[in-house]
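Tertiary structure, described
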Amino acid sequence: MAIHAEGLVAIVIFYVLILFVGIWAAWKNKNSGVGVDRSESIMVGGRDIGLFVGGFTMTATWVGGGYINGTAEYVYLPDYGLAWAQAPFGYALSLVVAIDFHFFYSIIAGGLFFAKPMRSRGYVTMLDPFQQLYGKRMGGLLFIPALMGEIFWSAAILSALGATLSVIVDININMSVVISALIAIFYTLVGGLYSVAYTDVVQLFCIFVGLWISVPFALSNPAVSDISVSAKEEIYQSPWLGKIGLNDRWLWADNFCLLILGGIPWQVYFQRVLSASSATYAQVLSFLAAFGCLVMAVPSVLIGAIGASTDWNQTTYGSLAPKDKDESDMILPIVLQHLCPPYVSFFGLGAVSAAVMSSADSSILSASSMFARNIYQLAFRQSATDREIVWVMRLTIFVFGALATAMALLTGSVYGLWYLSSDLVYVIIFPQLLSVLFVKGTNTYGSVAAYIFGLVLRIGGGEPYLKLPPFIYYPGWVIQERIHHLTGDVEYFVQQRFPFKSVSMVASFLANVVFSYLTKYLFESGMLSHKYDFLDAVVSRHSKEIMDKATLVSNHDNIILSEMAPVNQALGASLAGTFNNTEVLSDDGASSPEAFHNEN
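This write-up is about the structure you can find in this document. Fair warning: this is a prediction, and the values are worked out from it, not measured in the lab.

Moving on, we get to the environment of F471. Relative to the elements of secondary structure, F471 occurs in the loop between α19 (444-460) and β1 (478-483). Separated by eleven residues in sequence, F471 and G460 place their C-alpha atoms 5.0 Å apart. For F471, the contacting residues outside a window of four places in its chain are V456, I459 and G460.

Shown next, in the form of structure tokens:
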């Protein structure tokens with residue numbers, strides 16, 4: 001493979017375009033953010049993101065490198081196909097509905113049940129309600145899986161970018177990932193949420209135009225058979241529609257639930273929700289993004305089907321198919337490069353390369369926002385100035401970008417990184433978010449128990465993508481082998497066919513409820529002395545530590561500011577309004593969990 005000057009020119013053009021938009025958006029935000037703390041403006045964009053930009057940025061956040069490359073990869077893979085891209089109705093529905101319906105359900109569920117309470121209470125990050133109810137120590141623990149989720153997601157995007165660039169130019173894929181990471185970090189430093197949101201608009205446009213221009217040319221290539229025939233009949237490999245074996249039904253269902261519910265508790269999602277001008281707008285943005293995800297899935301499905309229907313011996317790629325070279329994760333750029341005319345492939349590859357990069361800055365910005373606000377500001381330096389918080393965000397952008405790069409280099413499959421991204425947040429954060437928003441009476445003891453239960457049960461099942469062996473063998477486990485075609489090495493791993501991820505999530509949720517009510521009963525009945533309430537979660541719930549949070553979630557006796565007068569709050573000037581908004585601090589019950597139950 002030789003270096004293609006035209007391809008490099010296309011990449012440079014699209015990179016410059018996104019850079020220009022990012023700089024312009026940063027300038028626009030700087031001149032319009034009067035009266036708002038710079039740090040909060042970076043995190044939630046002044047809470048004035050409109051429907052057009054908001055809908056595009058929420059859609060583009062999901063439709064990044066992991067989405068388009070991972071979808072094409074699994075449709076292409078033999079014995080997997082469209083069925084294992086988590087299509088709920090498989091053969092019965094059209095491709096536009098079938099593929100990646102889990103993201104559609106995820107965003108719909110988020111919009112219906114989670115967007116309204118989160119936006120109405122005026123939170124700044126997803127971790128705010130946890131620290132508000134469970135305290136800063138528990139918020140710090142929950143930051144760990146939230147951070148790992150964002151890092152895995154960023155790594156999937158960087159891996160996809162590296163794969164794309166390695167197809168265009170003859171450089172090592174590891175070098176491609178590093179270069180892509182550096183550029184993504186630079187995007188993030190250009191500006192806050194405004195910069196990310198406006199570059200997302202360009203991203204989505206680039207993906208849509210770049211892929212749809214390329215698809216007709218790839219379909220008409222002489223080496224490509226009729227994809228409607230190869231969908232059900234074996235031509236060059238197994239039918240790309242795929243099938244679900246009887247022994248794999250529970251495994252499929254487990255992954256399906258993981259991707260639906262695990263797609264909700266993400267800071268990168270709630271950052272868009274919390275930037276909306278109202279709770280209603282936040283819900284509408286979720287519905288628009290659900291529709292956008294369905295539409296944007298179609299070209300990736302077609303490209304995966306094209307790859308499975310191609311006689312690669314007739315192309316410039318070579319006699320061996322990508323699956324026989326362990327390059328299935330690069331099927332999308334390979335199809336564009338070898339089945340389309342040069343000018344079309346360069347435009348498509350350049351557009352995709354530039355476009356998916358702006359999803360990486362979203363995740364890195366989300367991770368740095370949670371650290372700067374929930375860890376640095378609220379847990380360690382409540383007197384931190386706004387300028388100090390901004391610099392902490394800039395520093396952590398580099399650190400988290402490096403972590404994402406390391407994950408992209410160490411983990412093989414893009415779709416595997418995608419699964420891992422939802423894995424951690426599914427079994428730990430989702431049941432906690434469900435409890436803190438909708439279950440009355442949970443406390444820090446229940447939250448700690450839920451964290452431990454979910455973590456042990458999930459890690460106990462092992463993780464082949466991380467080469468982590470299991471120490472809990474769930475019913476139905478089998479030993480599978482993975483053959484590396486280039487080296488001939490055979491790798492054996494344990495596959496858990498039992499839905500242990502969903503079981504871990506349910507166990508975590510039940511542990512939170514049971515242990516919360518158990519500790520409440522033990523302390524309030526006097527069976528345990530009040531001095532053992534070392535977390536100040538039951539007896540000392542009105543302690544100074546809780547008061548410092550300024551807002552309490554209680555039953556029907558919400559504590560308002562006038563009742564906090566005897567307590568001297570150790571809050572700096574920049575933190576005075578941390579949770580202090582008129583909706584949260586009102587004593588009319590509008591912000592309590594019960595109020596949201598009554599509204600629904």
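This part takes up the packing of aromatic side chains. Scanning the model with the defined rule gives 14 aromatic pairs in all. Plain terms: the ring middles of Y445 and F523 are 5.9 Å apart, the flat faces sit at 35° to each other, and that makes the pair tilted. Here F523 lies in helix α20 (residues 500-524) and Y445 lies in helix α19, a separation of 78 residues in the sequence. Under the relative-accessibility criterion, Y445 is labelled buried at 12%. Of the residues examined, F523 reaches a relative accessible area of 3% and is grouped as buried. Three or more aromatic residues joined by ring pairs form one cluster here, namely F143, F371 and F400. The ring of Y317 carries the charged tip of K325 above its face, separated from the ring centre by 4.2 Å. Over the ring of W391 we find R394; its NZ or CZ atom is 4.7 Å from the centre of that ring.

Most of helix α15 (residues 331-339) sits out of view: nine of its nine residues are buried. Within the span of α15, buried status applies to I331, L332, P333, I334, V335, L336, Q337, H338 and L339.

Criteria and thresholds
- Residues numbered from 1 in each chain as written.
- Predicted model: local features only at pLDDT ≥ 70, side-chain atom pairs only at ≥ 80, totals over all residues.
- Heavy atoms only, no water.
- Helix = DSSP H or I, 4+ residues; strand = E, 2+ residues; numbered from the N terminus.
- Contact = heavy atoms within 4.5 Å.
- Phe/Tyr/Trp six-rings, centres within 6.5 Å; stacked < 30°, edge-to-face > 60°.
- Buried < 20%, exposed > 50% of the residue type's maximum accessible area, 1.4 Å probe, protein only.
- Lys NZ or Arg CZ within 6 Å of the ring centre and 35° of its normal.

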